[in-house]
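Descriptive analysis of the structure
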Amino acid sequence: PPRPPPPPHRPPPRAAPPPPPYETDPAPPEISTLHFRGGRAEFDVGRHYVGSNDAKERAAGADILSQLGWSERTFVGESVDLLIPLLRDPVVEVIRSATVALGHRNDPRAISPLLALIDHPDAGVRCGVVAGLSRHDVSEAIKGLVLLSKDPDDATRDWATFGLASMTDMDTAELRDALVARLTDLDPEIRGEAMVGLASRGDERVRPAIEKELCGPFHGDWSLEAAEKFACPEWVPLIEAQAKALHPEDKDAFAASFESALKACRHAGLPGAH
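This text gives an overview of the structure that appears in the document. Here the structure is a predicted model, which is why all the values come from computation and not from measurement.

Here the focus is the overall build of the chain. When helices and strands are counted, the chain shows 16 helices and zero strands. Residues counted as buried form 50% of the 274 residues belonging to the chain. For the chain, the proportion of contacts with a sequence separation of at least 24, taken over those separated by at least 6, is 63%. Of the roughly 13,200 Å² of accessible surface on the chain, a fraction of 56% belongs to carbon and sulfur atoms.

Here it is in structure tokens:
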């Protein structure tokens, strides 16, 4: 589900990359306990529920199988074997849970069946497909994210852009072009994610977009992160002016981002820096 909007005057702090979409709504405590234990008994509970005639229980089963063992990632293969068939479930809520669960399991076998849902009429399913395709350095998954980065749903488009920008090491012309297309998105967060991804790849087409964001209202520190990565000395006065105009409540929250961007841009202007 989409994240709650920030207060009108204060963009959300970005000390770290945003969580995947499937982590914005924490699992109920009882499911988290099953994830933590992550043993055969817990897997069997999930397997039992995904075979239920009740749609809510099938969705719960997918939620259980999604993160068994947490960082230890237990029963990944067995879970994926049960989750992929749920992508054809007649109930949308079950499909949503399955796409999200496959995102957690991160198994390449799910890429092809997830791609079949790119045009699903439910925005929640399409956003779940983004979760399932992200973190796969495979051309088919990247092509899917490129298509979803144009989605009419803001949350789906946002997470697909983030997946292309910051969750893959791949660097293709198609990927870069998709990020360039998002530089003019109406959503400032989507524009920001695209800027970061292009700046990380050293794409010159991001330069005017960064300058425009630095000269305009402050929406968040994506432009600062991009400016730090691209590092142009002529941006120093723009960054200083934006910092000076910042809302008082935001000065402390974003001080480190401004400092890092200024440091990088000032260093780029030193003799022999490039």
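Read on, since the account is not over.
Within the structure shown, the criterion is met by zero disulfides. Here Cys265 is not cross-linked by a disulfide; its sulfur's nearest cysteine counterpart is in Cys232, at 6.5 Å.

With that out of the way, let us pick up unusual backbone geometry. One non-glycine residue, Trp70, adopts positive backbone phi at about 45°. With respect to the helices and strands, Trp70 occurs in the loop between α3 (55-66) and α4 (76-83). Classification of Trp70 as partly exposed rests on a relative accessible area of 42%. In this structure, Ala231 takes a positive phi of about 55° despite not being glycine. With respect to the helices and strands, the residue Ala231 is situated in the loop between α13 (222-230) and α14 (236-244).

Interhelical geometry of helix α10 (residues 173-181) versus helix α11 (residues 188-200) gives an angle of 140° and a closest axis separation of 8 Å. Crossing angle aside, the handedness with which α10 passes α11 is left-handed. Mapping the contact onto sequence places Arg176, Leu179 and Val180 in α10 and Ala194, Gly197 and Leu198 in α11. By residue class, the composition of the contact of α10 with α11 is four nonpolar, one polar and one charged.

Next up on the list: helix α16 (residues 255-268). Across its 14 residues, α16 extends 20 Å between first and last C-alpha, which sits within 8% of the 20 Å expected from 1.5 Å per residue. Buried residues belonging to α16 abut α13 and α14.

Reading the values: the criteria
- Residues numbered from 1 in each chain as written.
- Predicted model: local features only at pLDDT ≥ 70, side-chain atom pairs only at ≥ 80, totals over all residues.
- Heavy atoms only, no water.
- Helix = DSSP H or I, 4+ residues; strand = E, 2+ residues; numbered from the N terminus.
- Buried < 20%, exposed > 50% of the residue type's maximum accessible area, 1.4 Å probe, protein only.
- Contact = heavy atoms within 4.5 Å.
- Areas by Shrake-Rupley, 256 points an atom, 1.4 Å probe, with all protein chains shown as cover.
- Disulfide = S-S within 2.5 Å.
- Axes fitted to C-alpha atoms, helices over the stretch in contact; angles between N-to-C directions.
- Left-handed = near helix turned anticlockwise from the far one by under 90°.
- Nonpolar A, V, L, I, M, F, W, Y, C, P; charged D, E, K, R; others polar.
- Expected span 1.5 Å × (residues − 1).

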